[in-house]
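# Analysis of the macromolecular model
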Amino acid sequence: MAQKSNFQFSIREYSPSDENVVKSLFHDGILEHVYPAFFKAMSHPDHVGIALSISMAGYVLGGSSYFQALLFGSAWAGLIYYCCHEIYEGYMTRRLSTDMADIQANYLENPDNGLWVAEADVNGQSKVVGMVAVMGRRGEEEGERFDDCNGGVVAGGSEFAQEAGDGSYGEISHMAVVFPWRRRNLGSQLTRKALDFCKERGYSHLAMDVSSPQTAAVSLCQKFGFVQTAAHSSTHANRWFSKLARINVMRMEKLI
């Protein structure tokens, strides 16, 4: 049954006709994190120091040339931006070629998974303005996930493991809201939909991986009582890209 709100949007199950708009929403939602990640990385004291040092080197090597100093500093900033872009684009490309490649089979035909879209009434026409996807997991899959993460640090995970029962839990694999419809409680409604689905399936808890630049997502998780149970710096990109971009991935979980 669709869920209504004061902002005239409804949440319903994904249908095949939504494929293009959902993939576009996912694509844009991932790449929008590039700039926040870049500015966050460039503001780190280490990167600020390196940028100043490189700029000074350019100034000296260029014979007191301010242009050379600017050029060298820009090259460093360009490298950091490239690393951030490659991390998020690589993640997006990988997901579009795996679970998002066949949404019908991976989400609708699998009773352990689910994908929903949020529709809004825009000028008398229904428009998809958000989406959330949940995948059912087994306890051993969670252990394998963090065994593969370089520098992974687990904290407080035993509580979730003890409550797992048969080891099954839900994981929010995707969530996105179109920019004009943010801060209208839509993200909260999508999260509740994911929690309700997990309760119906008997999952012990709901998990979500959030990268450090996604401050809004972290705040949303905290609002619903999610706690951080793990953190790692592996982004499945080149490890030097991860080091330069200084992106951490946090595992957020909530008992149901």
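The rules behind these values
Residues numbered from 1 in each chain as written. Predicted model: local features only at pLDDT ≥ 70, side-chain atom pairs only at ≥ 80, totals over all residues. Heavy atoms only, no water. pLDDT = per-residue confidence, 0-100. Helix = DSSP H or I, 4+ residues; strand = E, 2+ residues; numbered from the N terminus. Contact = heavy atoms within 4.5 Å. Axes fitted to C-alpha atoms, helices over the stretch in contact; angles between N-to-C directions. Parallel < 35°, antiparallel > 145°, perpendicular 65-115°, else oblique. Left-handed = near helix turned anticlockwise from the far one by under 90°. Nonpolar A, V, L, I, M, F, W, Y, C, P; charged D, E, K, R; others polar. Buried < 20%, exposed > 50% of the residue type's maximum accessible area, 1.4 Å probe, protein only. Polar contact = N/O pair within 3.5 Å; in protein donor to acceptor, adjacent residues only side chain to side chain. Salt bridge = Lys/Arg side-chain N within 4 Å of Asp/Glu carboxyl O. Core = buried A, V, L, I, M, F, W, Y, C linked by side-chain atoms within 4.5 Å. Phe/Tyr/Trp six-rings, centres within 6.5 Å; stacked < 30°, edge-to-face > 60°. Lys NZ or Arg CZ within 6 Å of the ring centre and 35° of its normal. 1 Å grid on protein atoms, 1.4 Å probe; cavity = no way out; pocket = protein on both sides within 12 Å on 5 of 7 lines; lining within 4 Å. Points joined across faces, edges and corners; volume = space filled by probe spheres on them.

## Regarding the confidence of the model for the protein
Across the protein, pLDDT averages 87, with 86% of residues at or above 70. Mean pLDDT values for the elements of the protein range from 38 in strand β5 (residues 153–154) up to 96 in helix α2 (residues 34–42). Across residues 1–6 the pLDDT falls below 50, and counting only partners more than four positions away or on other chains, this stretch makes 11 contacts in the model. Contacts from residues 146–158, a stretch scored under 50 in pLDDT, to residues over four places away or in other chains number 23 contacts.

## Structural notes on the packing of α2 against helix α4 (residues 66–96)
In the contact formed by α2 and α4, the axes pass within 9 Å of each other and the chain directions differ by 135°. In this view, α2 runs oblique relative to α4, as classed from their interaxial angle. Between α2 and α4 lies a crossing whose hand is right-handed. Between α2 and α4, the contacting residues are Val 34, Tyr 35, Ala 37, Phe 38, Ala 41 and Met 42 on the first element and Trp 76, Ala 77, Ile 80, Tyr 81, Cys 84, His 85 and Tyr 88 on the second. Per-class residue counts for the contact of α2 with α4 are 12 nonpolar, 1 polar and no charged.

## Some remarks on the side chain of Asp 99
Positionally, Asp 99 belongs in the loop between α4 and α5 (103–108). Given a relative accessible area of 6%, Asp 99 falls into the buried group. At 2.5 Å, the side chain of Asp 99 and the side chain of Tyr 107 are in polar contact.

## A closer look at the pattern of salt bridges
What the rule picks out here adds up to 9 salt bridges. The salt bridge partner of Asp 99 is Arg 95, with a shortest N-O separation of 2.8 Å. Taking the relative accessible area as the measure of exposure, Arg 95 reaches 15% and is therefore buried. One continuous salt-bridge network, built from bridges that share partners, spans Arg 137, Glu 171, Asp 209 and Arg 251.

## Notes on the nonpolar core
Grouped together as the largest cluster of nonpolar side chains are 32 residues, with contacts concentrated most on Val 22, Ile 80, Cys 84, Ile 103, Leu 115, Val 117 and Met 131. Contributions of two or more residues to this core are made by α1 (19–31), α2, α4, α5, β3 (114–122), β4 (125–138) and α10 (239–245). Residue contributions to this core peak at 8 residues, all from α4. What Leu 115 contacts, discounting residues up to four positions off in sequence, is Glu 13, Tyr 14, Ile 103, Tyr 107, Met 131, Val 132 and Ala 133.

## What to know about the packing of aromatic side chains
Under the counting rule described, the total for this entry stands at 9 aromatic pairs. Ring centres of Tyr 35 and Tyr 81 lie 5.5 Å apart, and the angle between their planes is 45°; on these two criteria the pair is classed as tilted. Taken together, the residues span a long stretch of sequence, with Tyr 35 in helix α2 and Tyr 81 in helix α4 at a distance of 46 residues. What makes Tyr 35 partly exposed here is its relative accessible area of 48%. Assessed through its relative accessible area of 27%, Tyr 81 is described here as partly exposed. Note on Tyr 59 and Tyr 66: the rings are 5.3 Å apart at their centroids and 50° apart in plane angle, and the pair reads as tilted. Through a chain of ring-to-ring contacts, three or more aromatic side chains come together here, namely Tyr 35, Phe 38, Phe 39 and Tyr 81. The lysine or arginine in question, Arg 184, covers the ring of Trp 181, its NZ or CZ lying 4.7 Å from the ring centre.

## Some points on empty space enclosed by the protein
The final tally for this structure, using the stated rule, is 1 cavity of 30 Å³ or more. Of the volumes computed, that of the largest cavity is approximately 30 Å³. Secondary-structure elements contributing two or more residues to the lining of the largest cavity are β6 (168–177) and α9 (215–223). The residue inventory of the lining of the largest cavity, partitioned by class, reads 6 nonpolar, 1 polar and no charged.

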